[in-house]
Each structure stands twice: as C-alpha cells, then as structure tokens.
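For reference, the chains in residue letters:
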Amino acid sequence: MGIQITPSILNADLARLADEVARIPSADMVHVDVMDNHFVPNLTLGVPVFESLSKATDLPLDAHLMIEDADRWAPAYVEAGAASVTFHIEAVRAPVRLAREIRAKGARASMALKPATPIDPYEDLLPELDMLLVMTVEPGFGGQKFLDLCLPKIRRTRELIAKHGLEMWLQVDGGVSLETIERCADAGADVFVAGSAVYSADDPDAMIRELRAKAEAAS
Ligand code: DX5
Ligand code: ZN
C-alpha cells in the first residue's frame, strides 16, 4: 500500500466538519478522534456525528476510539461507516473477540498502544489485526510534542510484522510534522496521523503532499 497520510480533524473547525474534510482531498483516510472524558481527559464526538460525517465525504474514515468500554462501542462505528476502527489495548477486555467482530462487520481492525505500553506482550495478537497504532504522545489532545522515546517501539513493531510475514499497516499518531515524520518513516511506520500540522497550515492539502514526500524519501 505504501505511505498513507491520515489527517486528524481534532484541530479542525468542528462546527464545519464536512467543509473541513473537503479541504483535504489528498488524504488517504480521515482520522476521527473519539474521546469520552473517561479514558482520556477530553470529550469530542460520538456515533451520530461520526455517521453524519461518513455520509458527507467519500474519503474512508479511520475511527480512533479513546474510550472506555471499547468492546461495547467499537462495532457501532463500523455500522456508522468506519473503514478502520482502532481500540486501545488499555481499554478493551477481549481484544481478539473485538478484532474479529470488527472484521466480520466489514472494517479493518486496529489496536493502539499508549506511549508506556510495550508491543512485545501482544506479538501473538498481530495476525488478528489490520493495523497497529503506536501513539507518540499521551492521547487526549492535539498539538503536543512528539515523544522520541516511542521510536524503538515503532522499530520493534515493524520487526515483529516482518517476522510473522504480515501485511498489516503501522500507524503513528501524535506530534507528527515535517520535522518528525522522517524519523517515524525510518523506524518503519507507513501510516501517519497529522492533526495540527495539517490544519494549522495555510493549505492543508499541500501540507499532506509535503508530508507524504518526506515520508516516502525516508522509508
Ligand atoms: C491525540 C489524538 C491525535 C491528535 C493528533 O490524542 O489521537 O490524533 O489529533 O494531533 P497532532 O498531530 O496535533 O499531535
Ligand atoms: Zn488519534
């Protein structure tokens, strides 16, 4: 599949969601941050808004669920139109059952790790997943500083994907910018969330193309 740029709309104008998504036609997917004020100290949007956005764009939606009780809510995001659904390992009770349910409903299943969560205990789960998300900030807010300490985990995850001969994608999220994307690509990431970098740019779609070029050069 190669390099993919998946802008986060967290820092977009949330009163004009459809217009904001229309500004990023070069995006491979639109990354939608769902926060419940329990798993993270911030609150964004839920299934009804997600479903409306899905009807308002032809771009695939990438749901990043930063919520407790992901077992209960993740399937609803597939029904609401998500192409990919990411749950946090720290917030799920039955990750294998949930990944299978997401796939059976027709979406890609993805699992996220917070910065302090290691990948190695979950090696055997990788074949159940279509994407692994390595957070490079503490989840909850856009505009935070990229944590370089997560780079070895990106590299390790890429090794494990190769060891098992898997086709899965490796996504990074948090502080990804023109300054940090090369380090992530060099470590083995191939799907890049960028929130403030894209939506604080004068031309968000041009920023996507610049990020893509940097990542392709470094991968
Ligand atoms: C943070 C979210 C991110 C966030 C990224 O918890 O998961 O998707 O929007 O924003 P930036 O790119 O500004 O760090
Ligand atoms: Zn996110």
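1. Describing the packing of aromatic side chains
Okay, so step 1: If you walk through the whole model with that rule in mind, you get one aromatic pair.
Okay, so step 2: The interplanar angle of 85° and the centroid separation of 5.3 Å between the aromatic rings of Phe 50 and Tyr 77 together place this pair among those described as edge-to-face. With Phe 50 in helix H2 (residues 47-56) and Tyr 77 in helix H3 (residues 70-79), this pair connects stretches of sequence that are 27 residues apart. Neither Phe 50 nor Tyr 77 differs from the other in exposure class; each is buried.

2. Comments concerning helix H8 (residues 204-218)
Okay, so step 1: A rise of 1.5 Å per residue sets the reference length of H8, with its 15 residues, at 21 Å; its end C-alpha atoms lie 21 Å apart and thus fit the reference within 8%.
Okay, so step 2: Among the residues of H8, Pro 204, Asp 205, Met 207, Ile 208, Leu 211, Arg 212 and Ala 215 are the ones counted as buried. Across the axial projection of H8, the buried residues extend over an arc of 150°, all falling on one side.
Okay, so step 3: As for H8, its buried residues are in contact with strand S1 (4-7), helix H6 (181-187), strand S8 (191-194) and helix H7 (196-199).

3. Some words on the nonpolar core
Within soluble globular proteins, side chains that are nonpolar tend to cluster in buried spots.
Okay, so step 1: By size, the foremost hydrophobic cluster in this structure holds 68 residues, and its most contacted members are Ile 9, Val 32, Tyr 77, Phe 87, Ile 102, Leu 132 and Phe 192.
Okay, so step 2: Apart from the residues within four sequence positions on either side, Leu 132 is in contact with Ser 110, Met 111, Leu 113, Ile 119, Leu 126, Thr 157, Met 168, Trp 169, Leu 170 and Gln 171.
Okay, so step 3: Within the second largest apolar cluster, six residues are counted, among which are Met 35, Phe 39, Val 40 and Met 66.

4. Focus: the sheet that holds strand S7 (residues 169-173)
Paired through their backbone hydrogen bonds, the strands of a sheet run either parallel or antiparallel.
Okay, so step 1: As summarised here, the arrangement of the eight strands in space is S1-S8-S7-S6-S5-S4-S3-S2, forming an open sheet in which the pairing is parallel. Bordering the open sheet on either side are S1 and strand S2 (30-35), each of which pairs with just one other strand. Averaged over all neighbouring strand pairs, the angle between strand axes comes to 25°, with direction disregarded.
Okay, so step 2: With five bridges joining them, strand S4 (residues 82-88) and strand S5 (residues 108-113) adopt parallel strand pairing. Of the residues in S5, the one forming a bridge with His 88 is Ala 112.
Okay, so step 3: Its contacts with the sheet put H2 on S2, strand S3 (61-66) and S4, and the angle it makes with S3 is roughly 165°.
Okay, so step 4: Where H3 meets the sheet, it contacts S2, S3 and S4, and its direction lies at approximately 170° from that of S4.

5. A short note on the coordination of the zinc ion (ligand 2)
Okay, so step 1: Those protein atoms acting as donors to the zinc ion (ligand 2) are His 31 (NE2), Asp 33 (OD), His 64 (ND1) and Asp 173 (OD), and they sit at 2.1 to 2.3 Å.
Okay, so step 2: Around the zinc ion (ligand 2) sit six donor atoms; with metal-centred angles ranging over 72 to 171°, the donor geometry is octahedral.
Okay, so step 3: Here the donor residues of the zinc ion (ligand 2) share one chain and are spaced in sequence as H-x1-D-x30-H-x108-D. Placement of His 31 in strand S2 and of His 64 in strand S3 is noted, with a sequence separation of 33 residues between them.
Okay, so step 4: Residue classification places His 31 among the buried residues on the basis of a relative accessible area of 0%.
Okay, so step 5: When its relative accessible area of 0% is taken as the criterion, His 64 is described as buried.

6. A look at the site of ligand 1
Okay, so step 1: Around ligand 1, 20 residues are found, and the nearest of them are Gly 140, Gly 143, Asp 173, Gly 195 and Ser 196.
Okay, so step 2: In the environment of ligand 1, an oxygen atom lies 3.4 Å from a nitrogen or oxygen atom belonging to the side chain of His 31.
Okay, so step 3: Between ligand 1 and Gly 143, the relevant distance is 2.8 Å, taken from an oxygen atom to a main-chain nitrogen or oxygen of the residue.
Okay, so step 4: Coverage of ligand 1 by the protein amounts to 100% of the 380 Å² it exposes when considered alone.
Okay, so step 5: Elements with a minimum of two residues in the shell around ligand 1: S2, S3 and S8.
Okay, so step 6: Of all the elements, S2 adds the most residues to the shell around ligand 1, at three residues.
Okay, so step 7: Within the shell around ligand 1, the residues separate by chemical class into eight nonpolar, ten polar and two charged.

Cut-off values and rules
- Residues numbered from 1 in each chain as written.
- Chains lettered and ligands numbered in written order.
- Predicted model: local features only at pLDDT ≥ 70, side-chain atom pairs only at ≥ 80, totals over all residues.
- Heavy atoms only, no water.
- Phe/Tyr/Trp six-rings, centres within 6.5 Å; stacked < 30°, edge-to-face > 60°.
- Helix = DSSP H or I, 4+ residues; strand = E, 2+ residues; numbered from the N terminus.
- Buried < 20%, exposed > 50% of the residue type's maximum accessible area, 1.4 Å probe, protein only.
- Expected span 1.5 Å × (residues − 1).
- Arc of directions from axis to C-beta.
- Contact = heavy atoms within 4.5 Å.
- Core = buried A, V, L, I, M, F, W, Y, C linked by side-chain atoms within 4.5 Å.
- Pairing = 2+ DSSP bridges.
- Axes fitted to C-alpha atoms, helices over the stretch in contact; angles between N-to-C directions.
- Donors = N, O, S within 2.8 Å, 3.2 Å for Na, K, Ca; no water.
- Tetrahedral: all angles 85-135°; square planar, octahedral: opposite > 155°, others 65-115°.
- Near = heavy atom within 4 Å.
- Polar contact = N/O pair within 3.5 Å; in protein donor to acceptor, adjacent residues only side chain to side chain.
- Areas by Shrake-Rupley, 256 points an atom, 1.4 Å probe, with all protein chains shown as cover.
- Nonpolar A, V, L, I, M, F, W, Y, C, P; charged D, E, K, R; others polar.

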